[in-house]
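Observations on the three-dimensional arrangement
Chain by chain, the residues run as shown.
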Amino acid sequence: MIVYKSNQHFFGDILHLSRSYTMTKVVRGVLLIGLFAAIICLVVIHFNWQRFVQIDRTIFGFLGIVLSILLVFRTNSAYDRWWEGRKQWGALVNHCRNLAIQLHATLPVEDTLSRKFFGVRISNFCFAFTEHLRAGTKIDELSDLSSADRERYAKIAHVPNFISFEIQSRVELIYRNGGITGFNLLNIKTHMQALLDILGACERIKNTPIPFSYAIFIKIFIVAYAILLPFSLVSELGYYAIPITMFVIFAFLGLELMAQEIEEPFGLDCNDLPTGTIARKIKENVFEILELPHLHSSDTPALYEKIF
């Protein structure tokens, strides 16, 4: 995720665009359209075909308005998905902290093993959650696992679910042994259940993209508009039709590709959510709450995204 401070460096923020892969794709598309427009203008002007390609520009004004409305809806839909993902991860931070506080306040003072167990499992749930929403959980990037844990996790298709089960089972065991009361169990369960609720909400975002027909229609519309626009402009503007076409398509293509990038916010694109960073922050908070020593840097999972 690109990290910056808003309302401080206007031109400095613009420089971030050069680091965005989405902007690279936009520039490539615009250059391709510019090359096409240049060929059209060269052929039409060289053979004096202006009278054969006169198209009323009013038509393109109306088509541009229609395309703008579609792109606004497309961008808003994509941003809603991005913001919903951020709210879910914000809720995950709160529930993990609350769960750690409840456990720390409830567990017997001498039960340090359970504190370590819960600290490791809560943080590993977040790390497993992060990669589960990408290419799948990477066991090697979970911290403080025994060889038995590694073998067990390697056989599990949905590691976050299993870690949640481990947390629930340990709480139930402590409850049956009299370590916590029924009232405390109810409070703790609220936060344990919230972990899977948040997981399910994020899976819904990831597994339900924008309908294909709708997305492909906008792409076809943009391509058709880009192909026809030089024919409308060349008869009156000559070679000036090239930069104008490129500028218009830069706006339309940029909006579409930005929406395409943020509609699935859990990956490693420049504007995706920094879920790996959030997971590490949760681990720090949970370990601090449970009064556990932090693992050495060599045991800490690798960085999940590049921060620009």
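All values derive from a computational prediction rather than experimental measurement.

Attention now moves to the overall build of the chain. For the chain, the count of helices and strands is ten helices and zero strands. Secondary structure elements of the chain, listed N to C terminal, follow the sequence α-α-α-α-α-α-α-α-α-α. For the chain, the proportion of its 308 residues judged to be buried stands at 44%. The contacts in the chain between residues at least 6 apart in sequence include a share of 76% that link residues at least 24 apart.

On to the confidence of the model for the chain. Averaged over every residue, the pLDDT of the chain is 86; residues scoring 70 or more account for 89%. Confidence over residues 296-308 falls short of pLDDT 50; this stretch has 36 contacts with residues more than four positions distant or in other chains.

Residues lying three or four places apart along an α-helix face the same way, a consequence of the helix completing one turn every 3.6 residues. With 26 residues, helix α7 (residues 182-207) should cover 38 Å at 1.5 Å per step; its first-to-last C-alpha distance of 37 Å lies within 8% of that length. Here α7 has its buried residues at Asn 184, Leu 185, Ile 188, His 191, Met 192, Ala 194, Leu 195, Ile 198, Leu 199, Ala 201, Cys 202 and Ile 205. Of the surrounding elements, those touching the buried residues of α7 are α3 (57-106), α4 (112-132) and α6 (159-176).

A separate point is the state of the cysteines. As used here, a disulfide is simply a covalent bond connecting the sulfur atoms of two cysteines. Using the criterion set out here, one finds zero disulfides in the structure. No disulfide involves Cys 96; its nearest neighbouring cysteine sulfur is the one of Cys 126, lying 3.7 Å away.

Another aspect to go through is the pattern of salt bridges. The full count for this structure, using the stated rule, is 14 salt bridges. Arg 121 is the salt-bridge partner of Glu 166, the closest N and O atoms lying 3.0 Å from each other. Here Arg 121 lies in helix α4 and Glu 166 lies in helix α6, a separation of 45 residues in the sequence. Using a relative accessible area of 7% as the deciding quantity, one classes Arg 121 as buried. A salt bridge links Glu 131 to Arg 134; the shortest N-O distance between them is 3.4 Å. Of the two residues examined, Glu 131 and Arg 134, each falls in the buried class.

Relative to the 32 Å expected for 22 residues at 1.5 Å per residue, helix α9 (residues 241-262) spans 32 Å between its end C-alpha atoms, a close match to the ideal helical length. Among the residues of α9, those classed as buried are Ala 241, Ile 242, Thr 245, Ile 249, Phe 252, Leu 253, Gly 254, Glu 256, Leu 257, Ala 259, Glu 261 and Ile 262. Contacts from the buried residues of α9 go to α2 (21-46), α3 and α8 (212-237).

Position of His 132 among the secondary structure elements: in helix α4. The exposure class assigned to His 132 is buried, which follows from its relative accessible area of 18%. C-alpha separation for the pair His 132 and Ala 157, spaced 25 residues apart in sequence, amounts to 9.7 Å. For His 132, the residues in contact, after removing those within four places along its chain, are Thr 137, His 158, Pro 160, Leu 199 and Glu 203. Only 2.7 Å separates the side chain of His 132 from the side chain of Glu 203, close enough to count as a polar contact.

Glancing now at the packing of aromatic side chains. For any two aromatic rings, the description comes down to two numbers: the centre-to-centre distance and the angle of the planes. Throughout the structure, instances matching the rule amount to eleven aromatic pairs. Taken together, a centroid distance of 5.6 Å and an interplanar angle of 70 degrees make the contact between Phe 60 and Tyr 225 edge-to-face. You can see Phe 60 sitting in helix α3 and its partner Tyr 225 sitting in helix α8, a full 165 residues away along the chain. With 5.8 Å between their ring centres and 80 degrees between their planes, Tyr 153 and Phe 162 make a pair best called edge-to-face.

Another aspect to go through is unusual backbone geometry. Unusually for a residue other than glycine, Asp 144 sits at a positive phi of about 55 degrees. With respect to the helices, strands and loops of the structure, Asp 144 is situated in the loop between α4 and α5 (147-154). The class for Asp 144 is partly exposed, based on a relative accessible area of 35%.

At their nearest, the axes of α4 and α6 sit 8 Å apart, and the two run at 160 degrees to each other. In terms of axis orientation, α4 runs roughly antiparallel to α6. Of the two elements, α4 crosses α6, and the hand of that crossing is left-handed. Here Leu 113, Ser 114, Phe 117, Phe 118, Arg 121, Ile 122, Asn 124, Phe 125, Ala 128, Phe 129 and His 132 of α4 lie close against α6, whose contacting residues are Val 159, Pro 160, Ile 163, Ser 164, Glu 166, Ile 167, Arg 170, Val 171 and Ile 174.

The subject of this paragraph is the packing of α3 against α4. Where α3 contacts α4, the two axes come as close as 10 Å, and the packing angle between them is 170 degrees. Considering the angle they form, α3 stands roughly antiparallel to α4. Residues Trp 89, Leu 92, Cys 96, Leu 99, Leu 103 and His 104 of α3 touch α4, and the partners they reach there are Arg 115, Phe 118, Ile 122, Phe 125, Cys 126, Phe 129 and Thr 130. Of the residues that constitute the contact of α3 with α4, the class distribution is ten nonpolar, two polar and one charged.

Another aspect to go through is the side chain of Gln 88. Relative to the assigned elements, Gln 88 resides in helix α3. Leaving out residues up to four positions away in the same chain, Gln 88 has contacts with Ile 198, Ala 201 and Cys 202.

Rules of the game
Residues numbered from 1 in each chain as written. Predicted model: local features only at pLDDT ≥ 70, side-chain atom pairs only at ≥ 80, totals over all residues. Heavy atoms only, no water. Helix = DSSP H or I, 4+ residues; strand = E, 2+ residues; numbered from the N terminus. Buried < 20%, exposed > 50% of the residue type's maximum accessible area, 1.4 Å probe, protein only. Contact = heavy atoms within 4.5 Å. pLDDT = per-residue confidence, 0-100. Expected span 1.5 Å × (residues − 1). Disulfide = S-S within 2.5 Å. Salt bridge = Lys/Arg side-chain N within 4 Å of Asp/Glu carboxyl O. Polar contact = N/O pair within 3.5 Å; in protein donor to acceptor, adjacent residues only side chain to side chain. Phe/Tyr/Trp six-rings, centres within 6.5 Å; stacked < 30°, edge-to-face > 60°. Axes fitted to C-alpha atoms, helices over the stretch in contact; angles between N-to-C directions. Parallel < 35°, antiparallel > 145°, perpendicular 65-115°, else oblique. Left-handed = near helix turned anticlockwise from the far one by under 90°. Nonpolar A, V, L, I, M, F, W, Y, C, P; charged D, E, K, R; others polar.

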